[in-house]
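Structural overview for review
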Amino acid sequence: MTTFALIVAAGSGTRAGGALPKQFAPVAGRPMLSWSHAALAAYPGIDDVLVAIAPGAADQTRAILPGAKLVEGGATRRLSVAAGIEAAAARGATRILIHDAARPFLPAAVVDRVLAALDTHEGATPALPVADTLARGDALLAETVDRAGLHRIQTPQGFRLDALLAAHRTWTGPDEPTDDAQMVRALGGRVALVQGDPMLEKVTHPADFAAADAQVARETRSASGYDVHRLEAGEELWLGGVLIPHDKGLSGHSDADVALHALTDALLGTIAAGDIGTHFPPSDPQWKGAASDRFLRHAADLIEARGGRIGFVDLTIICEAPKIGPHREAIRARIGEILGLSADRISIKATTTERLGFTGRGEGIAAQAVATVTLPGTPA
Ligand code: MG
């Protein structure tokens, strides 16, 4: 058995007020499409994931999902699925899951249930029982509809591929189907109802985007950074992004701002993105004498690109001289400016080492930092 997944992301509907088709709009810090793609790609029983896209949307899709396998869809959902399942058949699939990109949060347990049902059925769909009272009517209530036995149908829907291919190849309409299960059912195929999940709600309206953001737990991470530079005569002393008058300054390849370097490493640590040397190799001449605020800003940009937010930074500068106290507020303000962070989220401390060690002898300055960020985690 070879199981493929096909994500239908060919719609052109935009998030109200937004210019992007909604599958590219951010949900909880990531493009909507990337959530379900990641979930399906990580599911151990799925051999390959295809994405049905609107004609001309390949570059836009690859920008958020580099390496994704794309199939150009058609003018309707049905035609997009048809193109995707023919591509899956050509690649040897025998079972397929069809999933709507507008349902970003996909619990693995639902995929378990759908695939298990395919052992005994041609198709399977997750569904939730209807809880609200249902009514028919226009401006006036005409009839209350008995909700017993009624379900809201979700995706991913799973199929034996031969059954779904037959349904698509012989479909004559006249109405456009809203899902694939009804097409397989129309040919007499047996489609199992398995338990869906409220996490699978469609994200369509602006309020849905806000609700989806709130549904995603944010993960808190802290990481530390440490740095040392040598004090030498004839150098400027940059500390925490501030030029401080002193008889010696820090030497290094960049401006050697030990405080901003420690802070940059702490921020990079929160997203496990290596260290400052990974991003700005000292061997690269373009960083000679560079102002270190750009290193710090780069780390913050990487966190923002992950949907992260910096919650707090704490910096300790370790030296015998100069005295940091008189410059503390200036350093705090400068770091706040670089990171776009309010002063109450920035702590600046200083200590001596009682004239012990290299800092005590005034040969160098050390700095250590701790940063705490929150990142979009897995759906709660
Ligand atoms: Mg350094």
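Residues numbered from 1 in each chain as written. Predicted model: local features only at pLDDT ≥ 70, side-chain atom pairs only at ≥ 80, totals over all residues. Heavy atoms only, no water.

Compared with the 16 Å implied by 1.5 Å per residue over twelve residues, the 16 Å span of helix α11 (residues 328-339) between its first and last C-alpha is a close match. Listed as buried for α11 are I331, I335, G336, I338 and L339. For α11, the buried positions fall inside an angular range of 165 degrees around the axis, keeping them on one side. On its buried face, α11 is in contact with β14 (238-239), β15 (242-243), α8 (258-270), α10 (293-305), β17 (309-318) and β18 (346-351). Just downstream of α11 lies G340, where phi reads positive at about 65 degrees. (Helix = DSSP H or I, 4+ residues; strand = E, 2+ residues; numbered from the N terminus. Expected span 1.5 Å × (residues − 1). Buried < 20%, exposed > 50% of the residue type's maximum accessible area, 1.4 Å probe, protein only. Arc of directions from axis to C-beta. Contact = heavy atoms within 4.5 Å.)

Take the packing of α8 against α10 next. Taken N-terminus to C-terminus, the directions of α8 and α10 make an angle of 15 degrees; their axes are 9 Å apart at the nearest point. Taken together, the axes of α8 and α10 lie roughly parallel to each other. For α8 against α10, the interelement crossing comes out left-handed. Where α8 approaches α10, its residues L260, H261, L263, T264, L267, L268 and T270 are matched on the opposing element by D293, F295, L296, A299, L302 and I303. Class assignment of the residues belonging to the contact of α8 with α10 gives a composition of nine nonpolar, three polar and one charged. (Axes fitted to C-alpha atoms, helices over the stretch in contact; angles between N-to-C directions. Parallel < 35°, antiparallel > 145°, perpendicular 65-115°, else oblique. Left-handed = near helix turned anticlockwise from the far one by under 90°. Nonpolar A, V, L, I, M, F, W, Y, C, P; charged D, E, K, R; others polar.)

Structurally, the position occupied by H229 is in strand β13 (residues 216-233). Overall, the relative accessible area of 16% leaves H229 in the buried class. Among the polar contacts listed, one links the side chain of H229 to the side chain of D227, at a separation of 3.2 Å. Reaching out from H229, the side chain makes a polar contact with the backbone oxygen of S251 at a distance of 3.1 Å. When sequence neighbours within four positions are dropped, the list of residues in contact with H229 reads L250, S251, G252, A256, V258, H261, G364 and I365. (Polar contact = N/O pair within 3.5 Å; in protein donor to acceptor, adjacent residues only side chain to side chain.)

What follows deals with the pattern of salt bridges. Close approach of charged atoms lets side chains of opposite charge pair. All told, the structure shown has 19 salt bridges when counted by the stated rule. The shortest N-O distance in the salt bridge between R297 and E304 comes to 3.1 Å. Classification of R297 as partly exposed rests on a relative accessible area of 24%. For the salt bridge of E337 with R334, the shortest nitrogen-to-oxygen distance reads 2.4 Å. Here R334 and E337 lie together in helix α11, a separation of three residues that amounts to about one turn. (Salt bridge = Lys/Arg side-chain N within 4 Å of Asp/Glu carboxyl O.)

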